[in-house]
Amino acid sequence: MTDALLVDRDRIKARVRADLLSHDAALAALSPPERRLRVRDEVVRILREERAILPSRQVTEVVNQVSDEVVGLGPVERLLKDPEVSEVMVNGADDVYVERKGRIERVNDLLFEGEEQVFHLIERIVSPLGLRVDESSPFVDARLPDGSRVNAIIPPLSLCGPVVTIRKFTLRPLTPGDLVRLGTLTEQMRDFLGQCVRAKANIIVSGGTGSGKTTLLGVLSSFIPSNERLITIEDAAELRLSQPHVVSLEARPPNVEGAGEVTVRALVRNALRMRPDRIIVGEVRGGEALDMLQAMNTGHEGSLSTAHANSPSDLVSRLETMSLMSDVELPVSHVREQIAGALDLVVHMSRMTDGRRAVARVAAVEGIRAGSVVLDDVFVWRRGSEFEATGRFPSMMRSLAERDERVDPRVFGTLGGAERTGPTAWSGTLRRLGTIAE
């Protein structure tokens, strides 16, 4: 021990990292356990060369940290393994946040050693996908092997250094029962939405970023009968459906030469030629909105999608705008007719002050009045009283009954004094709505 030196852990880590990264291609051919053994062997070799000693705990830390960077995603690797973390936000080298249980919090014990390490993280993510991030293409959307969504943006567009945002992919898809347990909706709302899906209602889930739109879309998809052929179209594949007959399509960005792009709109058009029973678009954000509306209006019932919007009425306005972005020149009045004829239901998601994601409104599309699309709230969330039925009955009740999905109107609240006049009045009301057998 006399010639042994107690060395700086960070210096050893830097040398191990540099030596291993120079053989990055060889490491990629190894399995994860083999790579970690390779890292440990390299640490032991360098310690022997330098006649240095590190406590065993520090040796383990060096092996884990270098392994995470060389074979994983560096300092964020442990955050991605934390089941309570749903999103990781790297705002430069020394500013990291996570979303945990619906709330954003800063990570004080995790810092990158410099911007180069953040750039290396981005490179590890995008290189296997044939993508690039540089001054000529300073931002990119990508997907990790486990399905997690990644956005990266670098200077000069980002003024705080390279920024990486990772939306984690949940290991287990949520079920309808999970949403009730988490307070996202009530049992009555769940059952009503399930009946609408089975009856092939066209539904769009709206909401802001991170409000739970995709999660709810996946749950609604679980109500689709197993004997139907489903075509899913996504910008970055996230949906995991349990049905046996699912064809998943994913859009493709341009390659490093700027060629080879395949848009969501192109996939929607192609899906119409694939004999779908249902088309599920992960998110409409451009001209594909018109193609989807036309598909809904031409026999492809039961389509599902999501879109960013602040409210159901704002969603209608956004659909108009997105439809007008297509290469088909249509008057606004015609687009509104397409929306009113295609959509049956808008389910709006919101993030509550306590971090919970909940269905804020369920609105039925009731045609056009005075040149505008009419929306009637069926369920709403009100502060202090949580979820409430509005007492309004959607006109789609009759079509639900025709498809043997008979909804008890009492789940929507009172109707025209039916409670005052007793069961006989209720029975007559139900017959008029076509929800019970004559």
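Values in this document were obtained by computation on a predicted structure and should not be read as measured data.

Engineer: I keep staring at empty space enclosed by the protein and nothing clicks. Help me out?
Structural biologist: Think of a ball as big as a water molecule: rolled over the atoms, this probe shows where empty space is left. For the structure on display, the rule yields one cavity of 30 Å³ or more. Lining the largest cavity are P176, L179, L185, R190, L193, L216, V219, L220 and F223. When contributions to the lining of the largest cavity are tallied by element, the ones reaching two or more residues are α7 (176-181), α8 (187-198) and α9 (213-221). Tallied by class, the residues present in the lining of the largest cavity amount to eight nonpolar, no polar and one charged.

Engineer: Even after reading the chapter, I still don't get helix α10 (residues 264-271), so can you show me in this structure?
Structural biologist: Within the span of α10, buried status applies to V264, R265, L267, V268 and A271. The buried residues of α10 occupy an angular sector of 160 degrees when the element is viewed end-on, so they sit on one face. In the core, the buried residues of α10 are packed alongside β10 (230-234), β11 (246-250), β12 (278-281) and α11 (288-297).

Engineer: Can you help me understand the nonpolar core in this one?
Structural biologist: In terms of nonpolar packing, the biggest core is built from 39 residues, with F192, I203, L345 and V362 touching the most fellow members. Those elements that place two or more of their residues in this core are α8, β9 (203-207), α9, β14 (345-351), β15 (357-369), β16 (372-382) and α14 (397-402). For this core, the leading source of residues is α8, giving five residues. Setting aside residues up to four positions removed in sequence, V362 forms contacts with M189, F192, L193, L345, V346, V347, D376, D377, V378 and F379.

Engineer: Would you mind showing me how to read the sheet that holds β12 here?
Structural biologist: The strands making up a sheet associate through hydrogen bonds between their backbones, and the pairing can be parallel or antiparallel. Strand order in the open sheet made by the nine strands is β11-β10-β12-β13-β9-β14-β15-β16-β17, with mixed pairing throughout. If you trace the sheet from one side to the other, it starts and ends with β11 and β17 (386-389), each paired once. Ignoring which end each strand starts from, the neighbouring axes of this sheet average 25 degrees apart. When β16 meets β17, the two strands line up antiparallel, connected through four bridges. Within β17, the position partnered with W381 by the bridge is F387. Docked against the sheet, α9 engages β9, β12, β13 (304-308), β14 and β15, running at close to 170 degrees with respect to β13.

Engineer: Looking at this structure, how should I read the side chain of S221?
Structural biologist: Mapping S221 onto the fold places it in helix α9. Residue classification places S221 among the buried positions, given a relative accessible area of 1%. For S221, the contacting residues outside a window of four places in its chain are L241, Q243, I280 and L304.

Engineer: Teacher, can you tell me more about the packing of α10 against α11 here?
Structural biologist: For any two helices packed against each other, one specifies the crossing angle of their axes together with the interaxial distance. As a packed pair, α10 and α11 sit with axes 9 Å apart at the nearest point and diverge in direction by 20 degrees. By the angle between their directions, the pair α10 and α11 is classed as roughly parallel. Two packed elements cross with a definite hand, and for α10 against α11 that hand is left-handed. The segment α10 lies against α11, with V264, R265, V268 and R269 engaging E288, D291 and M292. Split into classes, the residues belonging to the contact of α10 with α11 amount to three nonpolar, no polar and four charged.

Engineer: What should I look at first to understand unusual backbone geometry in this one?
Structural biologist: Glycine aside, residues mostly have negative phi angles, and peptide bonds mostly take the trans form. The omega torsion across P155 and P156 is 10 degrees, close enough to zero to call that bond cis. Checked against the element boundaries, P156 lands in the loop between β7 (149-153) and β8 (163-167). One non-glycine residue, R275, lies in positive phi territory at about 55 degrees. Inspection of the secondary structure puts R275 in the loop between α10 and β12. A positive phi angle, near 65 degrees, is found at D404, a position not held by glycine. Mapping D404 onto the fold places it in the loop between α14 and α15 (418-421).

Engineer: Sorry if this is basic, but what is going on with the packing of aromatic side chains here?
Structural biologist: How two aromatic rings sit relative to each other is given by the distance of their centres and the angle of their planes. As enumerated under the stated definition, the model contains four aromatic pairs in all. Where F192 meets F412, the ring centres are 5.2 Å apart and the plane angle is 90 degrees; that geometry is what we call edge-to-face. Taken together, the residues F192 in helix α8 and F412 in the loop between α14 and α15 connect sequence positions 220 residues apart. Of the residues examined, F192 reaches a relative accessible area of 1% and is grouped as buried. Using a relative accessible area of 0% as the deciding quantity, one classes F412 as buried. Judged by centre distance (5.3 Å) and plane angle (75 degrees), the rings of F393 and F412 are edge-to-face. Of this pair, F393 sits in the loop between β17 and α14 while F412 sits in the loop between α14 and α15, and the two are 19 residues apart along the sequence. The same class applies to F393 and to F412, which are both buried. Taken together through their ring pairs, the aromatic side chains of F192, F379, F393 and F412 make up a single cluster.

Thresholds applied
- Position numbers for residues start from 1 in each chain and track the written sequence from start to end.
- At least 70 in pLDDT is required for a residue's local features to be given in this predicted model, at least 80 for side-chain atom pairs to be given and counted, and no such filter applies to totals for whole chains, interfaces and linings, which use all residues.
- With hydrogens and water set aside, each side-chain value is computed from the structure's full complement of heavy atoms.
- As defined here, a cavity is a set of points on a 1 Å grid over the protein atoms alone where a 1.4 Å probe fits but cannot get out. A pocket is an open set with protein on both sides within 12 Å along at least five of seven lines, and residues line them when an atom is within 4 Å of a point.
- Grid points are joined across faces, edges and corners, and a volume is the space filled by probe spheres set on the points.
- Strands here mean DSSP runs of E at least two residues long; helices mean DSSP runs of H or I at least four residues long; both are numbered from the N terminus.
- The residue classification treats Ala, Val, Leu, Ile, Met, Phe, Trp, Tyr, Cys and Pro as nonpolar and Asp, Glu, Lys and Arg as charged. All others, Gly included, are polar.
- Burial classes follow relative accessibility: with a 1.4 Å probe on protein chains only, a residue under 20% of its type's maximum area counts as buried, one over 50% as exposed, and anything between as partly exposed.
- The directions from the helix axis to the C-beta atoms form the arc being described.
- The contact rule is simple, with two residues in contact once any of their heavy atoms fall within 4.5 Å.
- Throughout this description, the term nonpolar core refers to a set of buried Ala, Val, Leu, Ile, Met, Phe, Trp, Tyr and Cys residues connected via side-chain atoms within 4.5 Å.
- Two strands pair under a simple rule: DSSP has to find at least two bridges between them.
- Interaxial angle, 0 to 180 degrees, is taken between N-to-C directions of lines fitted to C-alpha atoms, where a helix line uses only the stretch in contact.
- Angular relationships are summarised with four words: roughly parallel below 35 degrees, roughly antiparallel beyond 145, roughly perpendicular across 65 to 115, and oblique for the angles in between.
- Here a crossing is called left-handed whenever its near helix is offset anticlockwise from the far helix by less than a right angle, and right-handed whenever the offset is clockwise.
- Only rings of Phe, Tyr and Trp enter the pairing, Trp through its six-membered ring, and a pair is recorded when the two centres are within 6.5 Å. The plane angle decides the type: under 30 degrees is stacked, over 60 is edge-to-face, the rest tilted.

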